[in-house]
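Chain by chain, the residues run as shown.
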Amino acid sequence: MIMNKTVVRTAVLVFLCLVLRHTADAQWYVGAKGGWTFTSIDRSNAGRIDESYSPLSGYEAGIQAKYGFTDWFALRADLSVMRRSHRMDRNLNYLDPLYTEHHNLYLMLPVTADFSFGGKKLRGHAYLGGYIGGWLQERIKGTTYWMTDYYVYFNPFDEKREFTGEDARFCAGLTGGVGISYDFTEHWGVNLDAFYHYDLTSHHRGYKNLRDPRYLSTLSVCVGACYKF
């Protein structure tokens with residue numbers, strides 16, 4: 001029993017020493033970032049054989065913060081606004097000009113483990129984690145139509161869409177990515193990152209008797225600058 005207590009105390013002491021050592025080496029990084037996004041939608045084609053979906057580009061801008069526990073491991077959190085857009089086209093011959101672009105603005109909060117490698121100034125990074133977010137607004141633009149007995153008329157539109165009870169404005173998912181960083185002074189550095197955000201939640205609840213899940217996936221490529229404390 002005495003030996004077991006000694007072993008436990010020794011293990012605790014070693015653990016505390018390691019924690020204190022890593023805490024002494026720990027550092028905060030705080031900065032800003034901005035870049036490009038590319039979003040696609042995953043939606044069932046059931047009952048919509050005349051529709052096709054394609055990805056659209058957007059943008060991302062926000063802040064980034066990181067706490068480095070060791071020289072190779074850190075936790076990173078980003079808070080940004082992200083444009084996650086996609087397009088729907090109608091495939092019927094007489095309705096070929098019809099399309100709708102959905103320009104969705106999200107507030108995103110990903111939290112990732114940051115595994116880094118390399119030298120003191122230039123380092124590579126691998127990220128893995130998850131995110132939560134909120135759907136802030138949607139703007140739709142495209143072409144609609146109306147028909148008479150003899151003609152089909154096409155009308156362009158560009159308007160903000162109001163949310164309804166069918167919209168699920170909370171999102172959550174998985175994210176991962178890679179990046180490089182370069183510290184050009186003791187306190188300042190820049191980084192280039194590519195992340196892939198995969199929704200696990202649908203942004204559409206569906207109609208009363210019809211499930212219609214819709215999942216977004218977004219690739220983002222951003223350039224950032226950080227101050228190291």
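Refer to the preceding data block for the structure.
The following paragraphs examine the structure supplied in this document. In this text, all values refer to a predicted model and were calculated from it rather than measured experimentally.

What counts and what doesn't
- Residue indices follow the written sequence of each chain, beginning from 1 at its first position.
- In view of the model being predicted, local features appear only for residues whose pLDDT reaches at least 70, and side-chain atom pairs are presented and counted only at 80 or more, with totals across whole chains, interfaces and linings using the full set of residues.
- Values shown for side chains rest on all heavy atoms present in the structure; no hydrogens or waters enter the calculation.
- Under the scheme used here, helices are H or I runs from DSSP no shorter than 4 residues and strands are E runs no shorter than 2 residues, and both carry numbers assigned from the N terminus.
- Accessible area is worked out with a 1.4 Å probe on protein chains only. A residue is then buried under 20% of its type maximum, exposed over 50%, and partly exposed in between.
- When checking whether two residues touch, look at their non-hydrogen atoms; a contact exists if any pair is within 4.5 Å.
- Definitions used for this entry: grid spacing 1 Å over protein atoms alone; cavity, a set of points where a 1.4 Å probe fits but cannot get out; pocket, an open set with protein on both sides within 12 Å along at least 5 of 7 lines; lining residue, one with an atom within 4 Å of a point.
- Grid points are joined across faces, edges and corners, and a volume is the space filled by probe spheres set on the points.
- For this classification, the nonpolar set comprises Ala, Val, Leu, Ile, Met, Phe, Trp, Tyr, Cys and Pro, the charged set comprises Asp, Glu, Lys and Arg, and every other residue, Gly included, is treated as polar.
- Pairing of N or O atoms within 3.5 Å defines a polar contact, subject to two protein rules: one partner must be a possible hydrogen donor and the other a possible acceptor, and residues neighboring in sequence count only if both atoms are side-chain atoms.
- Only when DSSP finds a minimum of two bridges between them are two strands counted as paired.
- Stacked, edge-to-face and tilted are the three classes for Phe, Tyr and Trp ring pairs, Trp counted by its six-membered ring, which pair at centre distances within 6.5 Å; planes under 30 degrees apart are stacked, over 60 edge-to-face, the rest tilted.
- Cation placement over rings: the criterion is NZ of Lys or CZ of Arg within 6 Å of the ring centroid and within 35° of the ring normal.
- Within this scheme the basic residues Lys and Arg register as positive and the acidic residues Asp and Glu register as negative, but His and the chain ends are omitted.
- By salt bridge we mean one thing: a side-chain nitrogen of Lys or Arg within 4 Å of a carboxyl oxygen of Asp or Glu.

### A short note on the overall build of the protein
Along the backbone of the protein there are one helix and nine strands. Mapped in sequence order, the helices and strands of the protein form the string α-β-β-β-β-β-β-β-β-β. In the protein, which comprises 229 residues, the proportion classed as buried is 38%. Taking all contacts inside the protein whose residues are at least 6 apart in sequence as the whole, residues at least 24 apart take part in 66%.

### Points about the layout of surface pockets
For the largest pocket, the calculated volume is near 680 Å³. Along its surface, the largest pocket is lined by 32 residues, and Q27, Y29, D71, R123 and D183 are the ones closest to its centre. Class assignment of the residues belonging to the lining of the largest pocket gives a composition of nine nonpolar, 12 polar and 11 charged. A volume near 400 Å³ is recorded for the second largest pocket. Around the second largest pocket, the lining is made up of 21 residues, and of these R43, H102, E138, R161 and R214 lie nearest the centre. Put simply, the parts of the chain that give the lining of the second largest pocket at least two residues each are strand 1 (27-43), strand 2 (51-68), strand 3 (73-90), strand 4 (99-118), strand 5 (122-147) and strand 6 (152-161). A breakdown of the residues in the lining of the second largest pocket according to their chemical character gives seven nonpolar, seven polar and seven charged.

### Some details on the environment of S116
Counting through the fold element by element, S116 comes out in strand 4. S116 sits 64 residues away from I180 along the chain, and the two C-alpha atoms are 8.9 Å apart. Non-local contacts of S116, meaning those with residues more than four positions away in its chain, are made with D71, W72, R123, G124 and H125. At a separation of 3.2 Å, a polar atom in the side chain of S116 contacts the side chain of R123.

### Observations regarding the pairing of strand 8 (residues 188-199)
Burial along strand 8 is one-sided: the residues G189, N191, D193, F195, H197 and D199 are buried and none of W188, V190, L192, A194, Y196 and Y198 is. Of the pairings in the sheet, the one linking strand 7 (residues 170-183) to strand 8 comprises 11 bridges and is antiparallel in character. For L174, the partnering residue across the bridge sits in strand 8 and is Y198. What sits between the antiparallel neighbours strand 7 and strand 8 is a turn of four residues. Pairing between strand 8 and strand 9 (residues 214-228): 11 bridges, direction antiparallel. Residue pairing for strand 9: L192 is matched across the bridge by V223.

### Things to note about the pairing of strand 7
As paired elements, strand 5 and strand 7 share 13 bridges and run antiparallel to each other. Note on strand 7: the bridge partner recorded for L122 is Y182.

### Digging into the packing of aromatic side chains
Each pair of aromatic rings is reported with the distance of its centres and the angle of its planes. Evaluated as defined, the whole model comprises 11 aromatic pairs. In textbook terms, an aromatic cluster arises when at least three aromatic residues are bridged by ring pairs, as seen for W28, Y67, F69, W72, F73 and F115. Cation over ring: K66 sits above Y29, and NZ or CZ is 4.5 Å from the ring centre. The positively charged end of R84 is found above the aromatic ring belonging to Y106, 5.0 Å away from the centroid.

### So, the side chain of R83
Along the chain, R83 falls in strand 3. One buried charged residue, R83, forms no salt bridge at all, with the nearest opposite charge on E138 at 9.1 Å. Among residues more than four places away in sequence, those in contact with R83 are T37, T39, G58, Y59, H103, N104, L105 and Q137.

### Points about empty space enclosed by the protein
For the structure on display, the rule yields one cavity of 30 Å³ or more. In this structure, the largest cavity spans a volume of roughly 60 Å³. Lining of the largest cavity is provided by K33, E60, R76, D78, S80, M82, M108, P110, T112, F195 and H197. With four residues, strand 3 is the largest single contributor of residues to the lining of the largest cavity. A per-class count over the lining of the largest cavity returns four nonpolar, three polar and four charged.

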